[in-house]
Amino acid sequence: MPLKRLNNKVRITSLVMAVMAMLIFGYALINGSLAGRDAALKAGEVDTMNIANSLSTQVNLSFRAADLLMHELTELTSEGHYSDAAFQLLMEKLMARQSVLFPEMDSIQILDENGGVLHAWPAASGGKRVEVQLPPQMDATSASAGPQLLHIGVPVRSVASGQWIIPLTRTLVRQGKPAGLIRIGVSVDYFARQFNDFDIGRGGALVLATDEGVMLLRRPFDPQFLGKSMSDAVLFKDNVQRRPAGWAMIRSSQDDVVRLNYFTRVPDYPLFVTAALARDDILTDWRKAQRAQLLVIFSASLIIGLLTIYLLYVIKMRDHAEDKIEKKNLHLRLLAEKLKSQALLDGMTGLANRRYLDEQLQKAMQSASRSQSPVALVMFDVDWFKKFNDLYGHVQGDYCLQGVARALQAAQRRQGDLAARYGGEEFALLLPDTGLAAAHRIAQHVLDAVRALQIPHEGSQSGVVTISAGVVSCIPPADATIADLFTHADNALYLAKNNGRDRVQDWRPLSKVQAA
């Protein structure tokens, strides 16, 4: 009898402990579920901010290139020789070169004060009257106030290509009065391709719009959104108009989807971009985990007598869930690092900047020292660049550097290769696990690519823009610094300059490093 009472007591104690354990476990699951939801939304905030900032940078670079080109054309037309055939030929040559450096450009038209086309590129787009209303800041009253602002118009069909373009206009001013317009068409399709490079899920959206709330482009793309006003949308009137940047969870007025939006301004221009992820997409994984947790609680209540087996099952499920969360967190950290590296760019050329180059070179040298593999560094310098600026001006100098940057970008063929702007007209190319001979060949390919651009340079013996290169490759010892490689590469570049320019010079012997 006492044994029976003891067994009953054990049963009751076990049952009470099991119930208490179930209650505690259920409470923990509910709190974990809420925390997981908050973590998912926080990750969505980081993703939308990084995407929007990257888009803002890309749009800024494109509009800056158009602005620089328009400024140059304004100077060329300042004397008003619109009927001069030589001017049309000069414009054709200029545009042929700029189309390589500025692929977003669809067409250019120089209009008189009545909207008639005086000059056009491509030439086939000329000869038609273009109805263009002068923007408010470009009327006769403000024309005498000085340089006019760039006006960004509503998307229209291009006369030249038939494709959708964003028209950019600037008033031509002569003797304090408007004398016509310069009109550049920027390809909407180009921006659409840029927008499609980002993963925004099934229900996400990206928007490029003016500060007045006029949409210039939206992903998913639909022509009905081009030029559509957002002035009555909650996102615009309650958020964009009140803050320079921020998040907002809003039900879209366009398609009724609830999205987490991050909006930010485009530097230097009256534009803003918005990156939005659908709330359902953000919470998909969390909801799956939530349903699994609820199923566990319900199942456990039915098999309370098998508490030990149940607890082992729960522990296994929790370990599995934690592994999934850890993998997700790792993916998010890698994505954040990738977006961070995209932010460390030189604003004009789009290459990595000096700071990012230093970081990656330090890592590459440490890795090469441990694995006893070579690391190569190539320094480039544009030949006679000061003369180029003196002859053609700083605007063309910027275009020249952008052309060199494109040639360097093409040399990045492996993971770990890094092209960077070192400063001024100097560039650098980091080549991990690369010997001297291979680095020399790559440097020579870059020189050939720059020469093939055929950028005119009357101050150079070759008549076109060329560059010189200094190459160093080494297996660095543990005490080597990045200054060692920069010094040796710079010395080699100095020799290349002294030996006639437009050549690749290898550096040897190495002092604090071993030859690769």
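Everything discussed here concerns the structure shown above.
Remember, it's a predicted structure, so these values are computed and weren't measured experimentally.

Let us look at the environment of aspartate 199. Turning to its location among the elements, aspartate 199 is positioned in the loop between α4 (188-196) and β7 (205-210). On the basis of relative accessibility, which here comes to 69%, the residue aspartate 199 falls in the exposed class.

Further remarks concern unusual backbone geometry. Of note, the amide linkage connecting arginine 219 to proline 220 takes the cis form, showing an omega dihedral of 10°. Tracing the backbone through its elements, the reader meets proline 220 in the loop between β8 (215-219) and α5 (234-240). Positive phi outside glycine occurs at glutamine 372, with the angle close to 55°. Along the chain, glutamine 372 turns up in the loop between α9 (354-371) and β12 (375-382). Phi is positive for glutamine 454, which is not a glycine, with a value near 55°. With respect to the helices, strands and loops of the structure, glutamine 454 is situated in the loop between α12 (436-452) and β15 (467-475).

Of all hydrophobic cores here, the largest spans 52 residues; its most connected members are Leu69, Met95, Leu168 and Leu271. If you tally residues by element for this core, the top one is helix α1 (residues 2-76), at twelve residues. Excluding residues that lie within four positions of it along the chain, leucine 168 makes contacts with Phe63, Ala66, Met70, Leu150, His151, Ile152, Ile182, Arg183, Ile184 and Val186. Counting 31 residues, the second-largest nonpolar core is a separate cluster that includes Val378, Ala439, Ala443 and Val446.

Turning our attention to the environment of isoleucine 467. The residue isoleucine 467 is located in strand β15 in this model. A C-alpha to C-alpha distance of 8.0 Å links isoleucine 467 and arginine 451, two positions 16 residues apart in sequence. Beyond its immediate sequence surroundings of up to four residues, isoleucine 467 is in contact with Phe380, Asp381, Val382, Asp383, Val404, Val446, Leu447, Val450, Asp502 and Arg503.

Turning next to the pairing of strand β5 (residues 164-174). Within a regular strand, side chains alternate between the sheet's two faces. Counting buried residues in β5 gives eight out of eleven residues, a clear majority hidden from the surface. Relative to β5, strand β3 (residues 151-152) runs antiparallel, the two being bridged by two bridges. Residue pairing in the sheet places histidine 151 in a bridge with threonine 169 of β5. In the sheet, strand β4 (residues 156-157) pairs with β5 via two bridges, with the strands oriented antiparallel. Directly across from arginine 157, in β5, lies its bridge partner tryptophan 164. Two successive antiparallel strands, β4 and β5, enclose a turn made up of six residues, where glycine 162 displays a positive phi of approximately 80°.

Cut-off values and rules
- Residues numbered from 1 in each chain as written.
- Predicted model: local features only at pLDDT ≥ 70, side-chain atom pairs only at ≥ 80, totals over all residues.
- Heavy atoms only, no water.
- Helix = DSSP H or I, 4+ residues; strand = E, 2+ residues; numbered from the N terminus.
- Buried < 20%, exposed > 50% of the residue type's maximum accessible area, 1.4 Å probe, protein only.
- Core = buried A, V, L, I, M, F, W, Y, C linked by side-chain atoms within 4.5 Å.
- Contact = heavy atoms within 4.5 Å.
- Pairing = 2+ DSSP bridges.

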